[in-house]
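One-letter residues, chain by chain:
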Amino acid sequence: MADAPAEQATERSRAKADRRDALLAAAARLFAARGFNGVSIEDLGSAVGISGPAVYRHFSGKQSVLAALLVGASEDLLAGGLAVVDAAEDDTAALRALIRFHTDFALSNPEVIRVQDRDLESLADEDSHAVRTLQRRYVELWVGVLARLSPREDTAVLRMRAHATFGLLNSTPHSGSRSLPRATMHDELVTMAWSLLG
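The following paragraphs examine the structure supplied in this document. (Residues numbered from 1 in each chain as written. Predicted model: local features only at pLDDT ≥ 70, side-chain atom pairs only at ≥ 80, totals over all residues. Heavy atoms only, no water.)

Here the focus is the overall build of the protein chain. Regarding its fold elements, the protein chain presents 8 helices and 0 strands. Start at the N end of the protein chain and walk to the C end: the helices and strands fall as α-α-α-α-α-α-α-α. Evaluated residue by residue, the protein chain yields a buried proportion of 41% over its 198 residues. Pairs at least 24 apart in sequence give 72% of the contacts found in the protein chain among residues at least 6 apart. As displayed, the protein chain offers around 10800 Å² of accessible surface, 51% of which is attributable to carbon and sulfur atoms. The averaged location of the 26 negative side-chain charges in the protein chain is 3 Å from the averaged location of its 22 positive side-chain charges. (Helix = DSSP H or I, 4+ residues; strand = E, 2+ residues; numbered from the N terminus. Buried < 20%, exposed > 50% of the residue type's maximum accessible area, 1.4 Å probe, protein only. Contact = heavy atoms within 4.5 Å. Areas by Shrake-Rupley, 256 points an atom, 1.4 Å probe, with all protein chains shown as cover. Lys, Arg positive; Asp, Glu negative; His and termini not counted. Charge placed at Lys NZ, Arg CZ, Asp CG, Glu CD.)

Aromatic ring pairs: the centre-centre distance and the angle between the two ring planes describe each pair. The final tally for this structure, using the stated rule, is 4 aromatic pairs. Their ring planes at 70° and their centres at 6.2 Å tell us that Tyr 138 and Trp 142 sit as a pair that is edge-to-face. Highlighted residues: Tyr 138 and Trp 142, both in helix α6 (residues 125-149), separated by 4 residues, approximately one helical turn. Overall, Tyr 138 belongs to the buried group, its relative accessible area being 3%. (Phe/Tyr/Trp six-rings, centres within 6.5 Å; stacked < 30°, edge-to-face > 60°.)

What follows covers α6. The first and last C-alpha atoms of α6 sit 36 Å apart over 25 residues, in line with the 36 Å expected at 1.5 Å per residue. Tucked inside the fold, the buried residues of α6 contact α3 (62-87), α4 (91-108), α5 (110-119), α7 (155-169) and α8 (182-197). (Expected span 1.5 Å × (residues − 1).)

Taken as a whole and judged by the stated rule, the model has 6 salt bridges. Between Arg 159 and Glu 140 there is a salt bridge, with its nearest N and O atoms 2.7 Å apart. Residue Arg 159 is found in helix α7, and its partner Glu 140 is found in helix α6; the two are separated by 19 residues along the sequence. Taking relative accessible area as the criterion, Arg 159 reaches 28% and is therefore assigned partly exposed. Of the charged contacts in the structure, one is a salt bridge between Arg 161 and Glu 153, with a shortest N-O distance of 3.1 Å. (Salt bridge = Lys/Arg side-chain N within 4 Å of Asp/Glu carboxyl O.)

Turning our attention to the packing of α4 against α8. A pair of packed helices is captured by two measures, namely the crossing angle of their axes and the spacing between those axes. Between α4 and α8, the least distance of the axes is 10 Å, while the angle of their chain directions is 140°. Taken together, α4 and α8 sit at an angle that is classed as oblique. Here α4 runs over α8; the crossing is right-handed. Taking contact as the criterion, the partners of Thr 92, Leu 95, Arg 96, Ile 99, Arg 100, Thr 103, Asp 104, Leu 107 and Ser 108 in α4 are, on α8, Arg 182, Met 185, His 186, Leu 189, Val 190, Ala 193, Trp 194 and Leu 197. For the contact of α4 with α8, the class distribution of residues is 9 nonpolar, 4 polar and 4 charged. (Axes fitted to C-alpha atoms, helices over the stretch in contact; angles between N-to-C directions. Parallel < 35°, antiparallel > 145°, perpendicular 65-115°, else oblique. Left-handed = near helix turned anticlockwise from the far one by under 90°. Nonpolar A, V, L, I, M, F, W, Y, C, P; charged D, E, K, R; others polar.)

Soluble globular proteins tend to pack their nonpolar side chains together in the buried interior. Grouped together as the largest cluster of nonpolar side chains are 57 residues, with contacts concentrated most on Phe 31, Leu 44, Leu 70 and Trp 142. When residues of this core are traced back to their parent elements, those giving at least two are α1 (4-34), α2 (41-47), α3, α4, α5, α6, α7 and α8. With 11 residues, α3 is the single largest residue contributor to this core. (Core = buried A, V, L, I, M, F, W, Y, C linked by side-chain atoms within 4.5 Å.)

The geometry of α4 relative to α6 is characterised by a closest axis approach of 9 Å and an angle of 145° between their N-to-C directions. Classified by chirality, the crossing of α6 by α4 is left-handed. Seen from α4, the contacting residues are Asp 91, Thr 92, Ala 94, Leu 95, Leu 98, Ile 99, Phe 101 and His 102; seen from α6, they are Tyr 138, Leu 141, Trp 142, Val 145, Leu 146, Arg 148 and Leu 149. The residue inventory of the contact of α4 with α6, partitioned by class, reads 11 nonpolar, 2 polar and 2 charged.

By the secondary structure assignment, Thr 155 is in helix α7. Between the C-alpha atom of Thr 155 and that of Gly 144, which follows or precedes it by 11 residues, the distance is 9.0 Å.

It is worth spelling out the side chain of Ser 74 at this point. The topology assignment puts Ser 74 in helix α3. Overall, the relative accessible area of 3% leaves Ser 74 in the buried class. Those residues within four positions of Ser 74 in sequence are excluded, and the remaining contacts are Val 131, Leu 134 and Gln 135.

Put into structure tokens, the structure is as follows:
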């Protein structure tokens with residue numbers, strides 16, 4: 001029985017992490033539908049079955065929810081991008097893996113993309129700087145792969161191509177993709193992105 005308090009603490013920690021994740025998922029849906037300014041703390045709590053004030057057990061306020069959502073997405077993109085490049089056998093494979101990875105991210109997170117598009121300016125300055133720094137590093141990861149594949153190409157051109165690819169892949173919340181099977185949408189986007197970059 002000596003381990004019971006530790007097990008209970010672990011269960012409490014897991015439950016708290018699950019509730020935080022549920023709040024972030026609800027925030028993504030609500031912010032995407034109504035905009036950051038159209039959602040209250042009470043709305044966020046109600047979406048996961050808790051009171052508005054109970055949200056403060058997980059976040060210091062609505063600003064910190066938005067920051068966790070957008071900074072977290074940027075961290076996930078960078079970490080995932082680094083992992084797929086590190087695992088690739090060569091730069092061609094790395095580019096193909098980056099395209100598949102970003103396509104999967106875009107199809108899995110349309111609400112987050114919509115929030116990013118509309119509400120990035122609602123972040124506090126420090127959080128906005130963090131998002132932009134992470135995103136620049138992610139762009140430069142792509143540019144590095146593209147530069148090794150096309151060493152004579154101007155870096156600014158390669159950066160523009162990377163941004164154009166993100167625009168294509170991140171268009172999923174606005175492209176009527178719900179009318180197509182996910183696998184079809186995925187394959188079409190990957191093919192188009194490879195045609196742009198390959």
